[in-house]
Amino acid sequence: MKLLVTGGAGFIGSNFIRYMLGKYPDYEIINFDKLTYAGNLDNLADAESNPNYHFIKKDIADSKAVEGILSDGVNAIVNFAAETHVDRSLMNASEFILTNVLGTQVLLGAALKYGIEKFIQISTDEVYGSLDSEGYFTEDTPLAPNSPYSASKASADMLALSYHKSFGLPVTITRCSNNYGPYQFPEKLIPLFIANAMEDKPLPIYGDGKYIRDWIYVEDHCRAVDLVLHKGRDGEIYNIGGGNERENLWITEFILDYFHKPKSLITYVKDRPGHDRRYAIDATKIKAELEFEPAVDLETGLEKTIQWYENNRPWWEKIRTGEYIEYYEKQYLQREKI
Ligand code: NAD
Ligand code: DAU
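Now for a look at the structure at hand. (Residues numbered from 1 in each chain as written. Chains lettered and ligands numbered in written order. Predicted model: local features only at pLDDT ≥ 70, side-chain atom pairs only at ≥ 80, totals over all residues. Heavy atoms only, no water.)

1. Notes on the site of ligand 1
Within the structure, ligand 1 sits among 28 residues, and I12, D33, T84, Y149 and K153 are positioned closest to it. Between an oxygen atom of ligand 1 and a main-chain N or O atom of T36, the distance comes to 3.0 Å. Compared with its free state, where it exposes 850 Å², ligand 1 has 97% of that area covered by protein. Examining the composition of the shell around ligand 1, we find that three residues originate from one element, strand β5 (residues 118–124), more than from any other. (Near = heavy atom within 4 Å. Polar contact = N/O pair within 3.5 Å; in protein donor to acceptor, adjacent residues only side chain to side chain. Areas by Shrake-Rupley, 256 points an atom, 1.4 Å probe, with all protein chains shown as cover. Helix = DSSP H or I, 4+ residues; strand = E, 2+ residues; numbered from the N terminus.)

In structure tokens form, the structure reads like this:
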């Protein structure tokens, strides 16, 4: 099997490549990544000596580059490449449209032209919008994205399904809840708060902190994608969830308690515009059809994650310089306290 993984230098993509190289030693894996601010070759430094692993620095919206690779004989594509941070999409959405919408369409078109046998579109539960305190997202929940990020991901889903319906491209979509674990860029809630707690910096909570996410350990997500790649049905959507709904304040206090740091580090700041109140996944379909269940409980996964950030301080300290600081100053330091 020759597998093209796009966005493989990011958080989930790099964990997925490591997982697949370990599980399928005879698979050839090409990591196709533009190396945006979120792409980091350090994430896969341990794979560089593996003769079945290849890296190529290219943009998924560059049709020549994509066709160049596919014409060489690729069996399957797993498309992780995306602009992924909601806050950044609220500051400037254009890169989100170029990569998440146009880039996905370029990949779909090339996949059709070169007869790719399987195309996995990695989507997100955010395409369903927001829930109140009751109910769950099923695969049939109507799409109602609220941020430019989630709107761009919903558009990509629609395009992917249209390539299946119109042209018979063997597309399957996964929609996962919030991932956490090693190698997550420290702008997302958990790694940002771990790094800030370690450096005695404020932990900026948006709004009242009672927003709810369903957390899944990244390796569980990777295992689910592997199952969908090998056993998922074409034209179908599979929700993936951790079954771990928690308020942001619960996560924050867990991190502070781990480090024995004071709650006074919590700083309430102005809310994210259009902030989705609650995400919760109904994962009945993937459990029934593919026998997938997450294996890592939240407390164990969080401890493993915190320990990883403790043991890999140079990894995130290198990131938290230059452009990151500029972004951080715009995002948090200038955010109104409430
Ligand atoms: P990430 O931001 O850590 O990594 C994204 C990667 O994509 C980076 O390596 C970046 O360089 C690459 N990339 C961006 N634009 C590109 C382009 N035009 N061409 C090639 N590569 C490009 O993201 P992540 O958190 O690992 O998310 C991966 C995928 O999973 C995304 O599609 C995201 O929507 C989806 N997802 C993420 C989560 C989550 O909790 N992080 C949950 C559900 C779904
Ligand atoms: O649900 C899946 C999605 O999860 C993915 O599709 C996205 O790519 C990924 O970024 C993530 O989106 P969220 O917006 O849920 O993740 P984020 O880590 O940005 O925020 C999680 C929650 O924490 C959310 O309610 C906003 C809040 N938050 C976040 C940050 C960064 C804060 O209160 N303070 C912060 O500083």
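Don't stop here, the text continues.
2. Regarding the pairing of strand β9 (residues 212–217)
Buried residues dominate β9, accounting for six of its six residues. With burial as the criterion, each face of β9 is covered, one bearing I212, D214 and I216 and the other bearing R213, W215 and Y217. The pairing of strand β7 (residues 178–180) with β9 spans three bridges and is parallel. Across the sheet, Y180 pairs through a bridge with Y217, a residue of β9. Alignment of β9 against strand β11 (residues 245–247), held across three bridges, turns out to be antiparallel. For D214, the partnering residue across the bridge sits in β11 and is E245. (Buried < 20%, exposed > 50% of the residue type's maximum accessible area, 1.4 Å probe, protein only. Pairing = 2+ DSSP bridges.)

Any functional reading would require information that these geometric values do not contain.
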